[in-house]
Amino acid sequence: TFDTFIGNTANSNRSYGFSSIAPNNYYSGNTVNANLSDGIRMATGSNTNTITANTVNSNGGSGIMIISVSGCVVTGNTIASDSQYGIHLSSAKSNTVSGNRLSQNVQAGIGVIGGAFIGSCTNAVVSNEISGGDTGILITGRSQENIITKNNVTGSVINLLANLGGNAQVSLARNWWSSTDETTI
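Residues numbered from 1 in each chain as written. Predicted model: local features only at pLDDT ≥ 70, side-chain atom pairs only at ≥ 80, totals over all residues. Heavy atoms only, no water.

Looking at this model, I keep getting lost on the overall build of the protein. Mind explaining?
Within the protein one finds zero helices and 22 strands. For a compact globule of 185 residues, the expected C-alpha radius of gyration is about 16 Å, and the protein comes in at 15 Å, within 12% of that figure. If you line up the protein on its principal axes, its C-alpha atoms span 45 × 30 × 25 Å. Of all 185 residues assigned to the protein, the portion counted as buried reaches 46%. Considering only residue pairs separated by 6 or more positions, the protein has 48% of its internal contacts joining residues 24 or more positions apart. Here the protein contributes 7 positive and 8 negative side-chain charges, whose respective centroids are spaced 7 Å apart. (Helix = DSSP H or I, 4+ residues; strand = E, 2+ residues; numbered from the N terminus. Rg over C-alpha atoms; globule rule 2.2 N^0.38 Å. Buried < 20%, exposed > 50% of the residue type's maximum accessible area, 1.4 Å probe, protein only. Contact = heavy atoms within 4.5 Å. Lys, Arg positive; Asp, Glu negative; His and termini not counted. Charge placed at Lys NZ, Arg CZ, Asp CG, Glu CD.)

Take a look at the structure:
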């Protein structure tokens, strides 16, 4: 559809701040706060959207939810204090999540979430700053073959990284887990 959403405010809505099932849209410079559900939600059909340089805080669901979508780029966003995940990839494939600043999101900074039959696969989670919350990066279900590298994860209450599905990822290397010591990394 090639629509652009730039410089808008989506606060205190009864559902989502932004929600899309359309491909090829651009979301930038928006302020998305205190919505009852997810701040920005890309659902089935909303492939190849770009979500960049938004401020997303204190939403009742996840800050940014990518569900059953591929080819989205989520970069340069500031995301804090959401009730679930800062960024939530659910059964999502081949998306790029990079250069985001995530803090104090309750369940996890970034969730790479899969179910019993479909996982989040072949996503790139690279160079994000994640602090606070229960878990820095959470991987569940059948999620596999993701590249998770060069992230700086600090101050999580329970886990810096939890791969609960136990499936192989392409890379979990070169992340900073509350340390810059090369032996720890």
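When you look at the pattern of salt bridges in this model, what are you seeing that I'm missing?
Note on pairing: side chains with opposite charge can pair once their charged atoms come close. Going through the model one piece at a time under the given rule, you end up with one salt bridge. In this structure, Arg41 engages Asp38 in a salt bridge whose closest nitrogen and oxygen atoms are separated by 2.9 Å. Pair check on accessibility: Arg41 and Asp38 agree, each one buried. (Salt bridge = Lys/Arg side-chain N within 4 Å of Asp/Glu carboxyl O.)

Would you explain the nonpolar core in this entry?
Side chains that are nonpolar tend, in soluble globular proteins, to be buried together. Counting 28 residues, the largest nonpolar core has Ile40, Ile51, Ile64, Ile66, Ile87 and Ile110 as its most contacted members. Of all the secondary-structure elements, those providing two or more residues to this core are strand 6 (40-42), strand 9 (64-67), strand 12 (85-90), strand 15 (108-113) and strand 18 (135-139). Contacts of Ile66, omitting those with residues within four sequence positions, involve Met42, Ile51, Val74, His88, Leu89, Ser90, Ala92 and Asn95. In this structure, Tyr85, Ala108, Ile113 and Leu138 belong to the second largest nonpolar core, which totals five residues. (Core = buried A, V, L, I, M, F, W, Y, C linked by side-chain atoms within 4.5 Å.)

Mind showing me how you'd approach the environment of Asp134 here?
Along the chain, Asp134 falls in the loop between strand 17 (129-131) and strand 18. The exposure class assigned to Asp134 is partly exposed, which follows from its relative accessible area of 30%. Through-space distance from the C-alpha of Asp134 to that of Gly166 is 19 Å; in sequence the pair is 32 residues apart. Setting aside anything within four residues of it in sequence, one finds Asp134 in contact with Asn105, Val106, Gln107, Ser156, Val157, Ile158 and Asn159.

Would you mind going over unusual backbone geometry with me for this structure?
The general pattern is negative phi for most residues beyond glycine and trans for most peptide bonds. Of note in the backbone geometry, Thr48 takes a positive phi value of approximately 55 degrees without being a glycine. By secondary structure assignment, the location of Thr48 is in the loop between strand 6 and strand 7 (50-52). With relative accessibility at 39%, the residue Thr48 sits in the partly exposed group.

Mind showing me how you'd approach the packing of aromatic side chains here?
Given two aromatic rings, one states the distance between the centres and the angle between the planes to describe the pair. Counting across every chain of the model gives three aromatic pairs. Taking 5.9 Å as the distance between ring centres and 65 degrees as the angle between the ring planes, the aromatic pair formed by Phe5 and Phe18 counts as edge-to-face. Of this pair, Phe5 sits in strand 1 (residues 4-6) while Phe18 sits in strand 3 (residues 18-20), and the two are 13 residues apart along the sequence. The class for Phe5 is partly exposed, based on a relative accessible area of 25%. Counting every residue linked through ring pairs, the aromatic cluster contains Phe5, Phe18 and Tyr27. (Phe/Tyr/Trp six-rings, centres within 6.5 Å; stacked < 30°, edge-to-face > 60°.)

What should I look at first to understand the side chain of Ser62 in this one?
On the secondary structure map, Ser62 appears in the loop between strand 8 (55-57) and strand 9. Side-chain polar atoms of Ser62 contact the backbone nitrogen of Tyr85, separated by 3.3 Å. In this structure the side chain of Ser62 is engaged in a polar contact, spanning 3.4 Å, whose partner is the side chain of His88. (Polar contact = N/O pair within 3.5 Å; in protein donor to acceptor, adjacent residues only side chain to side chain.)

In this structure, what is going on with the environment of Ala124? I would like to understand it.
When you line up the elements, Ala124 lands in strand 16 (residues 124-126). On a C-alpha basis, the gap between Ala124 and Ser98 in space is 7.7 Å, while along the polypeptide they are 26 residues apart. When sequence neighbours within four positions are dropped, the list of residues in contact with Ala124 reads Asn95, Thr96, Val97 and Ile147.

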